[in-house]
Amino acid sequence: MNANQRDEQLFFSEMADVIPLNKGRNRADAGSTGMRTPSDAQLARRASAQDGEQESNFLSDEFVDLLPANDPIEFRRDGIQTGVIEKLRHGGYQVDSQLNLIKRPVTECRRELFNFIRQAHHHELRCVMIIHGRGKSDESHANVVRSYVSKWLGQFDEVQAYVTAQPRHGGIGATYVMLRKTHRARQRNRELHQRRRAP
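For clarity, every value in this text was computed on a predicted model and none was experimentally measured. The written sequence of each chain sets the order in which its residues are numbered from 1. Since the coordinates come from a predicted model, pLDDT governs what is reported: local features require at least 70, and pairs of side-chain atoms require 80 or more to be given and counted, while whole-chain, interface and lining totals use all residues. The basis for the side-chain values is all heavy atoms of the structure; hydrogens and waters are excluded.

Trainee: Would you take a moment to explain the overall build of the protein for this structure?
Mentor: Counting its secondary structure elements, the protein contains 6 helices and 5 strands. We count a stretch as a helix when DSSP gives it H or I for four or more residues in a row; a strand needs E for two or more, and each element gets its number in order from the N terminus. Secondary structure elements of the protein, listed N to C terminal, follow the sequence α-α-β-α-β-α-β-α-β-β-α. Two residues qualify as a contact provided that any one of their heavy atoms is within 4.5 Å of a heavy atom in the partner residue. Contacts in the protein between residues far apart in sequence, at least 24 positions, make up 72% of those at least 6 positions apart. Put simply, the protein shows about 13,900 Å² of open surface, and 49% of that area lies on carbon and sulfur atoms. A 1.4 Å probe and the Shrake-Rupley method give the accessible areas. Residues count as covered only by the protein chains that appear here.

Next up, the structure:
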């Protein structure tokens, strides 16, 4: 018996208890009878995960004062040098990642922004961009989202500064965000400077 015959014999022995589909019915039934509803335990786990996310998301979901639709935004924490904010304002930093919030509901924007900033900081990104769109009026959905984004960014300890993007990146419809260095990155910088100073 050669290798092919052995493989074939093994295949048939493994498939011996398989029941073929009825003739004329060569598709799986995609109807509701084949779908399983989640168990109580699965539903509880899902609810718990959502509750946990809501508890950890500290971004305010309360009323926001709307920004004037055509006014640029700018924010920097105490201690951030003016040169840094100038370079950020002029698009002088490479955008490492971006988040598109255009036409998304405010509740989804809140969740996505929270996760995006946390992940960006965890991965040691320094400059990111939030695309929220530009509204024609103060009450437009895009401007409401932009107003919330401006409020929310200031609530992150990880955010050092943010400004309206340059026209080439969307202008009023997008915001550059400068993130602070992680503890790991600061430690690496200290070690690098110490090695440079060593005789």
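Trainee: What is the right way to read the packing of aromatic side chains from this model?
Mentor: Aromatic ring pairs are described here by two measures, namely the spacing of the ring centres and the angle between the planes. In summary, the pairing rule links any two rings of Phe, Tyr or Trp, Trp by its six-membered ring, whose centres are within 6.5 Å, and it sorts them by plane angle into stacked for under 30 degrees, edge-to-face for over 60 and tilted for everything else. By the definition in use, this model includes 5 aromatic pairs. Measuring from centroid to centroid gives 5.5 Å for Phe58 and Phe156, while their planes differ by 70°, and the two rings are edge-to-face. Taken together, the positions of Phe58 in the loop between α2 (40-56) and β1 (74-76) and Phe156 in the loop between α5 (141-153) and β4 (159-164) put the pair 98 residues apart, joining distant regions of the chain. Site record: aromatic cluster; members linked through ring pairs are Phe58, Phe114 and Phe156.

Trainee: Would you explain the sheet that holds strand β2 (residues 97-100) in this entry?
Mentor: Strands belonging to one sheet form pairs held by backbone hydrogen bonds; the direction of such a pair is parallel or antiparallel. Two strands qualify as a pair provided DSSP detects at least 2 bridges between them. Strand order in the open sheet formed by 5 strands is β1-β4-β5-β3-β2, and the pairing between neighbours is mixed. Either end of the sheet is taken by a strand with one partner, and the two such strands are β1 and β2. When the angles between neighbouring strand axes are averaged without regard to direction, this sheet yields 20°. Bridge count between β2 and strand β3 (residues 127-131): 4 bridges; the pairing is parallel. Its bridge partner being in β3, Leu99 is matched across the sheet by Ile130. Fitting a line to C-alpha atoms yields each axis, with helices limited to the stretch in contact; the angle taken between N-to-C directions then spans 0 to 180 degrees. Here helix α4 (residues 106-122) sits on the sheet and contacts β2, β3, β4 and β5 (174-179); the angle it forms with β3, its principal contact strand, is near 165°.

Trainee: Sorry if this is basic, but what is going on with the packing of α4 against α5 here?
Mentor: The description of two packed helices rests on the angle between their axes and on the distance between the axes. In the contact formed by α4 and α5, the axes pass within 11 Å of each other and the chain directions differ by 35°. Where α4 crosses over α5, the handedness of that crossing is right-handed. In this structure, α4 uses Val106, Cys109, Arg110, Leu113 and Ile117 to contact α5, whose residues at the interface are His141, Val144, Val145, Tyr148, Val149, Trp152 and Leu153. Grouping the constituent residues of the contact of α4 with α5 by class yields 10 nonpolar, 1 polar and 1 charged. Definitions for this section: a left-handed crossing has its near helix turned counterclockwise from the far helix by less than a right angle. A right-handed crossing has that turn clockwise. Residues are grouped as follows: Ala, Val, Leu, Ile, Met, Phe, Trp, Tyr, Cys and Pro are nonpolar; Asp, Glu, Lys and Arg are charged; all remaining types, including Gly, are polar.

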